[in-house]
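Reading the structure
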Amino acid sequence: MYLVANVNVEICASKSCKLCTQYCPEANTIQYSEEMGKEQGFKYGSAYIAVDRCKGCALCVWVCDSLAKNNAIKMTMIDQLPKAALTDNITYGDKSTTAVLASPMVG
Amino acid sequence: MSLDYVKFSNGFEKFMPKEYRDMVEHGPFGKKVTVSQMGSFKEALEEHPMCAGCAMTLFIRLAIIAFPNPEDTITVGTAGCGRLAISQAAIPFVYGNYGDQNGVASGLSRGLRLRFGDKPKDVVVMAGDGGTADIGFQQVLHSWFRKERFTTIMLDNEVYGNTGGQESGMTNRGAVLKMAPLGKKFEKMDMLQMAKVAGCAYVATVVPNNPRRVESVIKKAVLIAREVGSTYIQAYTSCNIEYAIPTDKVMEDAKTVENDRYQFTEYVSEEAKQYLAERYGYKEFLPKPAAAIPNKA
Ligand SMILES: Cc1ncc(C[n+]2csc(CCOP(=O)(O)OP(=O)(O)O)c2C)c(N)n1
Ligand code: SF4
Ligand code: SF4
Ligand code: SF4
C-alpha cells in the first residue's frame, strides 16, 4: 500500500484558497469543485485529489499547513480511503470540476 | 500548429481516451488560462515519470500553463530530467542530441518565420543546467549573440540529476555530490551576466515557490522573443534526490535558496519594455509621465 493526499472537505471549504493545486508538481491532480461541500451547507467549494495521479510527495500538506494555515490535507493509505476521486470519474465544467467518488481500490 | 491539431478527426471522437477528450474540450487551447484557474481546467501536461515532489516538475507544469498561445508553441529539450515531463504535454516537443537544443531552436524558429510570416509561433527551450551551461554552452551563447528570437529556460537543479549526481557549472562551490565526492572546486557560473553581455532582451531568475511570478516571467519572455530578441529565464528547480531534500520540505528549501542566491531579478531591455507596453498593454512599462515641476511661486 502507499500514501496519497486526502483533503478534508469540511476544513478546506472554510477557506478554499486553491493554493495547494498551484504547488502540486503533478498536473490535473489537485482539482477544485465548487459543488463539493455545498450539499453540507458550506459557502465555498473544496479542493480534492485525483488519487490515481497523486505520487504521495506531501508537498500539498506543507502548503495547506504552512502557507494556507488550514491543515486540511493529510496523507492517507490508499486502501484506507473508502471513497476518492479518480480521473475517470471527473467531469470538467466551465469554471469548476465535479467528481463522482468511488472506491480507489475497486474503481 | 494551430487550433486544428487539437481537434478530433471526423469519426474518431468516440474512440479517444477520456484524457484526450477532456483536453480538446476543456484544455487551455484557444483561450487564456491562468495559474489562479488551476484545478478547474484540463492541463496540457499529462502523467510522466519524473520523481515525486520534484520542483522541476512543478516549474514545468506552471510554465506550460503560462504559455501565451499553447496551440502555437513548440518546446525544445535535451537529455536530462525535464524532457521526461515536457515531452508528455499536448504541445509539440523536439528532442535532439544532448546540448544541441539552442542550435535546433535557432533553425526551428527561423523556419517557422519563413513558413508562417508574422503569425506568432513560439519556440521555448527548456533544458537542465548541465545541458545549458556545460554541454550546450557554445550553442546557447551563439544563439544569444545572434539574437535568435526564442526563449531559453534553464531548469537549474545545480547538478546532473538524470545521471546520478555529477557536478555542473551551475553547482555551488564546495557542494559535495555523489559523483563529486571531494566537493566542487569552482564558483557557480554567472549565466545571467553572460546572457546580458550576449544581448538578451529579457533575463530573469525565478523560483517555483511563487507560481504567479513564474507565470508572469514566462509570459513576458515568450512575448518578447516573438519580435525583439533572445530571452533567458533561469529557474531554481531543486533535485530532491541528489540533494536529499525530503519532498514535503521542497518549498522550504526553495525559500531558503531564494533568499540565499536566487532572489527574483528581472532585466528588460528598453526596446522590450516599449514592445510589451505598446503591443501587449503592459502598463508597468509605459513611459513614466514627466514629473510635475514644483511650483515655486
Ligand atoms: C552526448 C551525451 N552525453 C552524455 C549523455 C548522458 N546524459 C543524459 S542526461 C545527462 C545529465 C543531465 O544533466 P542536466 O542537463 O543538468 O539535467 P538534469 O537531469 O539535472 O535535469 C547526461 C550526462 C547523453 N545523453 N548524451
Ligand atoms: S491549501 Fe488547504 S484550504 Fe487551500 S484549497 Fe488546498 S486544501 Fe483547501
Ligand atoms: S501528495 Fe504530492 S502529488 Fe499528491 S496531491 Fe499532494 S502535492 Fe500532489
Ligand atoms: S532526479 Fe532530481 S531533478 Fe530528476 S526528476 Fe528526480 S528529483 Fe527531479
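For the structure, check the block above.
Summarised in this report is the structure supplied together with it. (Residues numbered from 1 in each chain as written. Chains lettered and ligands numbered in written order. Predicted model: local features only at pLDDT ≥ 70, side-chain atom pairs only at ≥ 80, totals over all residues. Heavy atoms only, no water.)

Comments concerning the overall build of chain B
Assigned secondary structure in chain B consists of ten helices and seven strands. Taken against the 2.2 N^0.38 rule, which gives 19 Å for 297 residues, the C-alpha radius of gyration of chain B at 20 Å falls within 12% of a compact globule. Counting only C-alpha atoms and orienting by the principal axes, one finds that chain B spans roughly 80 × 55 × 35 Å. When contacts within chain B are restricted to residue pairs at least 6 apart in sequence, long-range pairs at least 24 apart make up 68% of them. Of the accessible surface of chain B, which amounts to about 13,200 Å², a share of 56% is contributed by carbon and sulfur atoms. Between the centroid of the 36 positive side chains of chain B and the centroid of its 34 negative side chains there is a distance of 4 Å. (Helix = DSSP H or I, 4+ residues; strand = E, 2+ residues; numbered from the N terminus. Rg over C-alpha atoms; globule rule 2.2 N^0.38 Å. Contact = heavy atoms within 4.5 Å. Areas by Shrake-Rupley, 256 points an atom, 1.4 Å probe, with all protein chains shown as cover. Lys, Arg positive; Asp, Glu negative; His and termini not counted. Charge placed at Lys NZ, Arg CZ, Asp CG, Glu CD.)

With respect to helix H6 (residues 137-145) of chain B
All names here are of chain B. Taken as a whole, H6 has its buried residues at Val140, Leu141, Ser143 and Trp144. When H6 is viewed along its axis, its buried side chains cluster within an angular range of 160 degrees and face the same direction. On its buried side, H6 packs onto helix H4 (101-116), helix H5 (129-135), strand E4 (151-156), helix H7 (191-197) and strand E6 (231-236). Among the residues trailing H6, Lys147 stands out with phi positive, at a value near 55 degrees. (Buried < 20%, exposed > 50% of the residue type's maximum accessible area, 1.4 Å probe, protein only. Arc of directions from axis to C-beta.)

Points about the nonpolar core
Residues Phe59(B), Ile60(B), Met126(B) and Ile218(B) are the most contacted members of the largest nonpolar core, which totals 66 residues. Among the elements that line this core, the one with the most residues is helix H2 (residues 55-66) of chain B, at ten residues. Not counting chain neighbours up to four residues away, the residues in contact with Met126(B) comprise Ile60(B), Ala63(B), Phe67(B), Thr75(B), Val76(B), Gly77(B), Thr78(B), Ile86(B), Ile153(B) and Leu155(B). The next biggest cluster of nonpolar side chains, apart from the first, holds 22 residues, and it includes Ile30(A), Ala47(A), Val61(A) and Ala72(A). (Core = buried A, V, L, I, M, F, W, Y, C linked by side-chain atoms within 4.5 Å.)

As for the sheet that holds strand E5 (residues 202-206) of chain B
Adjacent strands of a sheet pair through backbone hydrogen bonds, lying either parallel or antiparallel. Residue and element names in this part refer to chain B. Strands sit in the order E2-E1-E3-E4-E6-E5-E7 across an open sheet of seven strands; the sheet is mixed. Taken across any chain shown, the strands that pair with only one partner, and hence form the sheet edges, are strand E2 (93-95) and strand E7 (265-268). Between one strand and the next, the sheet's axes are offset by a mean angle of 15 degrees, whatever the strand orientation. Sheet topology places strand E3 (residues 122-128) next to E4; five bridges connect them, and they run parallel. In the sheet register, Val125 faces E4, and the bridge partner there is Thr152. (Pairing = 2+ DSSP bridges. Axes fitted to C-alpha atoms, helices over the stretch in contact; angles between N-to-C directions.)

What to know about helix H9 (residues 250-261) of chain B
Helix length check: H9(B), at twelve residues, gives a terminal C-alpha distance of 16 Å against a target of 16 Å (1.5 Å per residue), a fit within 8%. Of the positions making up H9(B), those classed as buried are Val250(B), Met251(B), Asp253(B), Ala254(B), Val257(B) and Glu258(B). Buried residues along H9(B) cover an arc of 150 degrees about the axis, so they all sit on one side. Projecting away from the buried face of H9(B) at angles above 90 degrees are the exposed residues Thr256(B) and Asp260(B). Tucked into the core, H9(B) has its buried residues touching helix H2 (19-23) and helix H3 (59-67) of chain A together with H2, helix H8 (211-227) and E6 of chain B. (Expected span 1.5 Å × (residues − 1).)

Structural notes on the packing of H8(B) against helix H10 (residues 270-280) of chain B
Residues and elements named next belong to chain B. Between H8 and H10, the least distance of the axes is 10 Å, while the angle of their chain directions is 100 degrees. Judged on the interaxial angle alone, H10 and H8 are roughly perpendicular. Facing Lys220, Leu223, Ile224, Arg226 and Glu227 of H8, the residues of H10 in contact are Ala272, Tyr275, Leu276, Arg279 and Tyr280. (Parallel < 35°, antiparallel > 145°, perpendicular 65-115°, else oblique.)

Comments concerning the interface of chain A and chain B
Each side of the interface is counted separately: chain A has 27 residues, and chain B has 36 residues. For the chain A and chain B pair, buried surface summed over both sides reaches about 2,600 Å², with 50% attributable to carbon and sulfur atoms. Among the residues chain A hides against chain B, the three largest losses belong to Gln22(A), Trp62(A) and Tyr92(A). Together they make up 26% of the total. Across the contact surface, chain A and chain B share one salt bridge. Across the chain A-chain B interface, the total number found is 16 residue pairs in polar contact (both at pLDDT 80 or more). Contributions of two or more residues to the side of chain A that touches chain B are made by H2, strand E2 (30-33), H3 and strand E5 (90-92) of chain A. Looking at side-chain class alone, the side of chain A that touches chain B contains twelve nonpolar, eight polar and seven charged residues. (Buried area = accessible area lost by both parts, 1.4 Å probe. Salt bridge = Lys/Arg side-chain N within 4 Å of Asp/Glu carboxyl O. Polar contact = N/O pair within 3.5 Å; in protein donor to acceptor, adjacent residues only side chain to side chain. Nonpolar A, V, L, I, M, F, W, Y, C, P; charged D, E, K, R; others polar.)

A few points about the environment of His142(B)
All names here are of chain B. Tracing the backbone shows His142 in helix H6. Take His142: its relative accessible area is 42%, and that puts it in the partly exposed class. It is 9.7 Å that separates the C-alpha atoms of His142 and Ser106, two residues lying 36 residues apart in sequence.

A short note on the packing of aromatic side chains
Residue and element names in this part refer to chain B. Under the counting rule described, the total for this entry stands at six aromatic pairs over all chains. Their ring planes at 50 degrees and their centres at 6.1 Å tell us that Phe8 and Tyr20 sit as a pair that is tilted. One end of the pair, Phe8, is in the segment before helix H1 (18-26); the other, Tyr20, is in helix H1, and twelve residues separate them in sequence. For Tyr20, a relative accessible area of 25% corresponds to the partly exposed category. (Phe/Tyr/Trp six-rings, centres within 6.5 Å; stacked < 30°, edge-to-face > 60°.)

Comments concerning the pattern of salt bridges
Two side chains carrying opposite charge are able to pair once their charged atoms lie near each other. Residues and elements named next belong to chain B. For the structure on display, the rule yields 21 salt bridges over all chains. Here Asp72 makes a salt bridge to Lys121, at a shortest N to O gap of 2.6 Å. Separated by 49 residues along the polypeptide, Asp72 in the loop between H2 and strand E1 (73-77) and Lys121 in the loop between H4 and E3 bring together distant segments of the chain. What makes Asp72 buried here is its relative accessible area of 7%. Taking relative accessible area as the criterion, Lys121 reaches 9% and is therefore assigned buried.

So yeah, pure geometry; function would need other evidence.
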